[in-house]
Amino acid sequence: MIVNHVSVGVKDVEAAGRFYDAVLGALGYKRYWEYLPYAIAYGEDFYEFWVQLPHDRKSYSIGNGVHVAFNAPSIEAVHAFYKAALDHGGSDEGEPGLRPD
């Protein structure tokens, strides 16, 4: 395993939790730990993905070039993840599929 965990800053941890409960649930992951109102962690056997208020307490920002890829057990799970993301307020830059570039 190359990555131990990934953390992303959010402005509203509970709203982010509702979104990630749905989309990560579609891939079979679960809410593993929570420290509300500051952070929620997701994973299988330990916390691998965190949504949290920034540690410096400044406004969160979207990192240019940040990329997080979640493992999925099947193509069907990828499509369920995509649908759950859109149904819970996410946006996209294209439907799931291979990117030749």
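Computed from a prediction, not measured in an experiment: that's the story for all the values here.

### Regarding the environment of Gln52
Mapped onto the fold, Gln52 is located in strand β4 (residues 47–52). Given a relative accessible area of 11%, Gln52 falls into the buried group. Each C-alpha atom, one on Gln52 and one on Ile40, is 6.4 Å from the other, the two residues being 12 residues apart in sequence. If sequence neighbours within four positions are ignored, Gln52 has contacts with Ser7, Val8, Gly9, Val10, Val13, Tyr38 and Ala39.

### Focus: the pattern of salt bridges
All chains considered together, the criterion is met by three salt bridges. The salt bridge involving Arg31 is made with Asp21; its shortest N-O contact spans 2.8 Å. In this pair, Arg31 is assigned in strand β2 (residues 30–35) and Asp21 in helix α1 (residues 13–25), connecting sequence segments 10 residues apart. Residue Arg31 is classed as partly exposed on the basis of its relative accessible area, which comes to 30%. A salt bridge links Glu34 to Arg31; the shortest N-O distance between them is 2.6 Å. A relative accessible area of 39% means that Glu34 is categorised as partly exposed. Residues joined by salt bridges that share partners form a network here, namely Asp21, Arg31 and Glu34.

### A short note on the sheet that holds β2
Spatially, β1-β4-β3-β2 is the arrangement adopted by the four strands of the open sheet, whose pairing is mixed. Where the open sheet ends on each side, the last strands, each with one partner, are β1 (6–9) and β2. Taken over all neighbouring pairs, the strand axes of this sheet differ in orientation by 20 degrees on average, direction set aside. Summarising the sheet, β2 and strand β3 (residues 39–43) pair through five bridges and their orientation is antiparallel. Note that in β3 the partner of Lys30 across the bridge is Gly43.

### Points about the pairing of β4
Sheet topology places β1 next to β4; four bridges connect them, and they run parallel. What sits directly across from Ser7, in β4, is Trp50. Of the pairings in the sheet, the one linking β3 to β4 comprises five bridges and is antiparallel in character. Bridging from a neighbouring strand, Ala39 pairs with Gln52 of β4. What sits between β3 and β4 in their antiparallel hairpin is a turn of three residues.

### Things to note about the packing of α1 against helix α2 (residues 75–87)
Viewed as axis vectors pointing N to C, α1 and α2 meet at an angle of 160 degrees, and their least axial separation amounts to 7 Å. In terms of their interaxial angle, α1 and α2 are classed as roughly antiparallel. The hand of the α1/α2 crossing is right-handed. Between α1, through Phe19, Ala22, Val23 and Leu24, and α2, the contact on the second element is made entirely by Phe81, Ala84 and Ala85. Classifying every residue of the contact of α1 with α2 by side-chain character gives seven nonpolar, no polar and no charged.

Cut-offs and rules
- Residues numbered from 1 in each chain as written.
- Predicted model: local features only at pLDDT ≥ 70, side-chain atom pairs only at ≥ 80, totals over all residues.
- Heavy atoms only, no water.
- Helix = DSSP H or I, 4+ residues; strand = E, 2+ residues; numbered from the N terminus.
- Buried < 20%, exposed > 50% of the residue type's maximum accessible area, 1.4 Å probe, protein only.
- Contact = heavy atoms within 4.5 Å.
- Salt bridge = Lys/Arg side-chain N within 4 Å of Asp/Glu carboxyl O.
- Pairing = 2+ DSSP bridges.
- Axes fitted to C-alpha atoms, helices over the stretch in contact; angles between N-to-C directions.
- Parallel < 35°, antiparallel > 145°, perpendicular 65-115°, else oblique.
- Left-handed = near helix turned anticlockwise from the far one by under 90°.
- Nonpolar A, V, L, I, M, F, W, Y, C, P; charged D, E, K, R; others polar.

By themselves these figures say nothing about function.
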